[in-house]
Amino acid sequence: MTTGAPTSAPTTSRPRRSRLRRYLPLGLAVWLVLEIWLLTQVAGAAGGLTVFLLLVAGFVAGSVVIKRAGRRAFQSLNEVLQRGGSPSRGGGNGLMMLGGLLLMIPGLISDAAGLLLLLPPVQKAVSRYTERALDKSLRRAAPGSLGDAFQQARIHRPDGKVVQGEVIREDRPEPGEPWPPLTR
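Note that the structure is a prediction, hence the values are computed from the model and not measured.

Caption draft 1: Layout of the overall build of the chain. Assigned secondary structure in the chain consists of five helices and two strands. From first element to last, N terminus to C terminus, the chain shows the α and β order α-α-α-α-α-β-β. Taking all 184 residues of the chain together, the buried fraction comes to 13%. For the chain, contacts bridging at least 24 residues in sequence account for 45% of all contacts bridging at least 6.

Here you go:
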């Protein structure tokens, strides 16, 4: 009896995991261990109250930075939209928010990274590097992946097959008449 299903056994090879998905959990674990170790070392040298005050000061400073960066981003977006333009770049507000978030996370290494991200030369260097890396990965992306996501349309059939194509509408309604439904 034929059901339309393939007769050969499907291959069971798993797709390769990216380096980020492989090493990110390990990196987070190492970072957490280093943060805890450094906090215990500073607490042993300067006292527990000092470490607690450092952590509270980092949290307060981070919340202030995030609030100011968010307010600045909203004001610049509002000004651009009032002029009738389109928003282009965030002007470093995203990196300032990331720096504030790193300041809010308990730990001295994250505080140091957050303070570095608040410096304008570091923000420029990080944004240039990120922009180049993203541009490079989007150019290298294969068709059908994220790099090609805005250039294609996909239709998923009930049998699981993907049909690529685009919708072209040739019937134009009269002025004032609503568009006919797409199910025609």
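Caption draft 2: Looking closely at helix α3 (residues 93–104). Between its terminal C-alpha atoms α3 stretches 16 Å, which fits the 16 Å expected from 12 residues at 1.5 Å a residue. By the burial criterion, the buried members of α3 are N93, L95, M96, G99, G100, L102 and L103.

Caption draft 3: Spatial organisation of a nonpolar patch on the surface. A surface patch of nonpolar side chains, amounting to about 670 Å² of accessible area, comprises L49, F52, L53, V56, F59, V60 and V64. Relative to the assigned elements, L53 resides in helix α2 (residues 48–83).

Caption draft 4: The confidence of the model for the chain, seen in detail. Chain-level statistics for the chain give a pLDDT mean of 79 and a share of 67% at 70 or above. The spread of mean pLDDT over the elements of the chain runs between strand β1 (residues 153–156), the lowest at 52, and helix α4 (residues 108–117), the highest at 93.

Caption draft 5: Structural context of the packing of helix α1 (residues 19–46) against α4. Following both chains from N to C, one finds α1 and α4 inclined at 105°, their axes separated by 7 Å at the closest point. Classed by the angle they form, the pair α1 and α4 counts as roughly perpendicular. Within the contact between the two elements, α1 uses W31, L34, E35, L38, L39 and V42 and α4 uses L108, I109 and S110. For the contact of α1 with α4, a count of residues per class yields seven nonpolar, one polar and one charged.

Caption draft 6: Geometry of the packing of α1 against α2. In the contact formed by α1 and α2, the axes pass within 7 Å of each other and the chain directions differ by 130°. Between α1 and α2, the angle falls in the class oblique. Residues L39, V42, A43 and A46 of α1 touch α2, and the partners they reach there are G48, T50, V51 and L55.

Rules of the game
- Throughout, residues of each chain are indexed from 1 in the direction in which the sequence is written.
- With the structure being a predicted model, the display of local features is reserved for residues of pLDDT at least 70 and the display and counting of side-chain atom pairs for 80 or more, all residues being used for whole-chain, interface and lining totals.
- Derived side-chain values reflect all non-hydrogen atoms in the structure, with water molecules and hydrogen atoms excluded from consideration.
- Where helices and strands are cited, they refer to DSSP runs of H or I of at least four residues and of E of at least two residues respectively, numbered from the N terminus.
- Throughout, exposure labels follow a simple rule: accessible area from a 1.4 Å probe, protein chains only, divided by the maximum for the residue type, with under 20% read as buried, over 50% as exposed, and the rest as partly exposed.
- Whether two residues touch is decided by their heavy atoms; if any such pair falls within 4.5 Å, the residues are in contact.
- Helix span, as expected, comes to 1.5 Å for every residue beyond the first.
- Patch membership needs two things, relative accessible area over 30% and no salt bridge, and members are linked within 9 Å if like-charged or within 5 Å if nonpolar (Val, Leu, Ile, Met, Phe, Trp, Tyr).
- For accessible areas, the Shrake-Rupley method is used with a probe of radius 1.4 Å. Any residue's cover is judged against the shown protein chains and nothing else.
- Salt bridges, as used here, are contacts in which a Lys or Arg side-chain nitrogen is within 4 Å of a carboxyl oxygen on Asp or Glu.
- The predictor reports its confidence for every residue as pLDDT, a score running from 0 up to 100.
- Between N-to-C directions, angles span 0 to 180 degrees; the directions come from axes that are lines fitted to C-alpha atoms, helices contributing only their stretch in contact.
- Any angle from 65 to 115 degrees is called roughly perpendicular, while one under 35 is roughly parallel, one over 145 is roughly antiparallel, and all others are oblique.
- Only Asp, Glu, Lys and Arg are considered charged, only Ala, Val, Leu, Ile, Met, Phe, Trp, Tyr, Cys and Pro nonpolar, and every remaining residue, Gly among them, polar.

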